[in-house]
Amino acid sequence: MAADPPYLRIAGDIRRRIDSGDLAPGDPVPSTRCITREWGVAMATATKALAALNQEGLVRAVPGVGTVVAEPGRERRVAPGQGLTRERIIRTAIAFADEEGLAALSMRRLAGEFGTSTMALYRHVPSKGELVRLMSEVVFSEEPPGPRPRGWRGQLAHEARWLWRLYERHPWLGRAMAGLTRPMASPHAMRYTERVLAVLSGLGLTPYQMIHVHLAVLGYAQGVALAIEMESRARQDTGMTPEEWMASNEGRMDAIQSAGAYPVLSTLFGDEDFDLELGTLFEFGLERFLDGVEALIQGPGTASRPATA
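Residues numbered from 1 in each chain as written. Predicted model: local features only at pLDDT ≥ 70, side-chain atom pairs only at ≥ 80, totals over all residues. Heavy atoms only, no water.

Caption draft 1: Broad picture of the overall build of the chain. When its secondary structure is counted, the chain shows 15 helices and two strands. For the chain, buried positions account for 36% of its 309 residues. When contacts within the chain are restricted to residue pairs at least 6 apart in sequence, long-range pairs at least 24 apart make up 67% of them. When the accessible surface of the chain is summed, it comes to about 17,500 Å², and 57% of that surface belongs to carbon and sulfur atoms. (Helix = DSSP H or I, 4+ residues; strand = E, 2+ residues; numbered from the N terminus. Buried < 20%, exposed > 50% of the residue type's maximum accessible area, 1.4 Å probe, protein only. Contact = heavy atoms within 4.5 Å. Areas by Shrake-Rupley, 256 points an atom, 1.4 Å probe, with all protein chains shown as cover.)

Caption draft 2: Here's a closer look at the packing of aromatic side chains. For the structure on display, the rule yields four aromatic pairs. Here Trp164 and Phe282 contribute two aromatic rings whose centre-to-centre distance is 4.6 Å and whose plane-to-plane angle is 5 degrees, an arrangement assigned as stacked. With Trp164 in helix α8 (residues 152-169) and Phe282 in helix α15 (residues 278-298), this residue pair connects regions lying 118 residues apart in the sequence. Just as Trp164 is buried, Phe282 falls in that class too. Here a set of aromatic residues connected by ring pairs shows up, and it is made of Phe140, Trp162 and Tyr192. The lysine or arginine in question, Arg195, covers the ring of Trp162, its NZ or CZ lying 4.7 Å from the ring centre. Taking NZ or CZ as reference, Arg288 lies 5.1 Å from the ring centre of Phe284, over its face. (Phe/Tyr/Trp six-rings, centres within 6.5 Å; stacked < 30°, edge-to-face > 60°. Lys NZ or Arg CZ within 6 Å of the ring centre and 35° of its normal.)

Caption draft 3: How the structure looks around the environment of Pro28. Looking at the secondary structure, you find Pro28 in the loop between α1 (6-20) and α2 (32-39). Classification of Pro28 by relative accessible area gives exposed; the value is 55%. In this structure the C-alpha to C-alpha distance between Pro28 and Val69, which are 41 residues apart in sequence, comes to 6.4 Å. Once residues lying within four places of it in the same chain are set aside, the contact partners of Pro28 are Leu23, Thr67 and Val68.

Caption draft 4: Geometry of the confidence of the model for the chain. Residue-level pLDDT values for the chain average 81, and 84% of them are 70 or greater. Segment residues 301-309 is flagged for pLDDT under 50; beyond a separation of four residues in sequence, or across chains, it makes eleven contacts in the model. (pLDDT = per-residue confidence, 0-100.)

Caption draft 5: The pattern of salt bridges, seen in detail. Throughout the structure, instances matching the rule amount to 15 salt bridges. We note a salt bridge from Glu130 to Arg133, for which the minimum N-O separation is 2.9 Å. Placement of the pair is Glu130 and Arg133 together in helix α7 (residues 128-140), with a separation of three residues, close to one helical turn. Linking Glu287 and Arg161 is a salt bridge whose minimum nitrogen-to-oxygen distance equals 3.1 Å. Taken as a pair, Glu287 in helix α15 and Arg161 in helix α8 lie far apart in primary sequence, 126 residues in all. (Salt bridge = Lys/Arg side-chain N within 4 Å of Asp/Glu carboxyl O.)

Caption draft 6: Geometry of helix α5 (residues 107-114). Those residues of α5 lying buried are Met107, Leu110, Ala111, Glu113 and Phe114. Projected down its long axis, α5 shows its buried positions confined to an angular sector of 150 degrees, all on one face. Check the buried side of α5 and you find it contacts α4 (86-100), α6 (118-122) and α7. One or two residues past the end of α5 sits Gly115, with phi positive at roughly 65 degrees. (Arc of directions from axis to C-beta.)

Caption draft 7: Region of the structure containing the environment of Gly154. Its location among the elements puts Gly154 in helix α8. Given the relative accessible area of 26%, Gly154 is considered partly exposed. Separated by 45 residues in sequence, Gly154 and Val199 place their C-alpha atoms 9.6 Å apart.

Caption draft 8: Broad picture of the nonpolar core. Counting residues in each nonpolar core, the largest one holds 52 residues, and the members touching the most others are Leu131, Met135, Phe140 and Trp172. Elements supplying a minimum of two residues to this core: α4, α5, α7, α8, α9 (173-176), α10 (187-200), α11 (207-238) and α15. With nine residues, the single largest contributor to this core is α8. Those residues within four positions of Leu131 in sequence are excluded, and the remaining contacts are Ile89, Ile90, Ala93, Leu105, Met107, Leu110 and Val125. If you look at the next biggest cluster of nonpolar residues, it comprises 15 residues, including Ile14, Ala46, Leu53 and Leu58. (Core = buried A, V, L, I, M, F, W, Y, C linked by side-chain atoms within 4.5 Å.)

Caption draft 9: Structural detail: the packing of α2 against helix α3 (residues 43-55). It is at 8 Å that the axes of α2 and α3 come closest, and there the two elements cross at 115 degrees. As α2 runs across α3, the sense of the crossing is right-handed. Of the residues in α3, those in contact with Thr32, Arg33, Ile35 and Thr36 of α2 are Met43, Ala46, Thr47 and Leu50. For the contact of α2 with α3, the class distribution of residues is four nonpolar, three polar and one charged. (Axes fitted to C-alpha atoms, helices over the stretch in contact; angles between N-to-C directions. Left-handed = near helix turned anticlockwise from the far one by under 90°. Nonpolar A, V, L, I, M, F, W, Y, C, P; charged D, E, K, R; others polar.)

Given below as structure tokens:
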């Protein structure tokens, strides 16, 4: 009888540690890098081992922590016997989407959290689309922390960073609110819009410029925020941190760069140690954006509208 492939033997060993209690719920399991050292296998094999455990529901990826042992019965987020209310449904859906992503959220999965039928949910929320709107409305109801900075630049940065923190805590929000040309009818989200426009008023900008500055800030924050959701999904699919993923691809990247086809790109990663972090990337782009708004305020007071056919 043929022996199990290496990744299944590794998964089996970690499974035995979990079953015996050596690894308790919430404990970190060996990372892909640790597995490669302990078992002497390739990074791809280590990744398959963690992916197999993830599919069994024994482990889960936690952003900023790594892969940990899953709690028994963690698929239920609501204690049995709790009655259905619209608020409880929305809060439970937010917790579900924060952990598993918006794509995994369905009315059937949500009904399973309450141990009830899908039709019971529909008596409180008519559709998933309406549920997502209500989820976004609850998230946007949070107030920006004080005190409010002085000056338009500090205030605009304050609002942009508040928005960014919402996206960090709720990675699904970027996708839910991504329609710039078809915005949701969301009073709380519109309060954010009102605050931004109030910051820009009285600076000599035209209405055209004000609304475009607002939408540009919103679009920029959402664009970077979508990478948070993608990273969360990639971590769940592979069980690898960004550092582990880079290490697993180091040989391939070195081979591409050694060919000499990208001379400028190759020189950038010679001596300096790059640590790409989305929050740092957001801050860099935000400051450059604010520089552009400042130049707009100091320049001519009329916007150059796009030419029309």
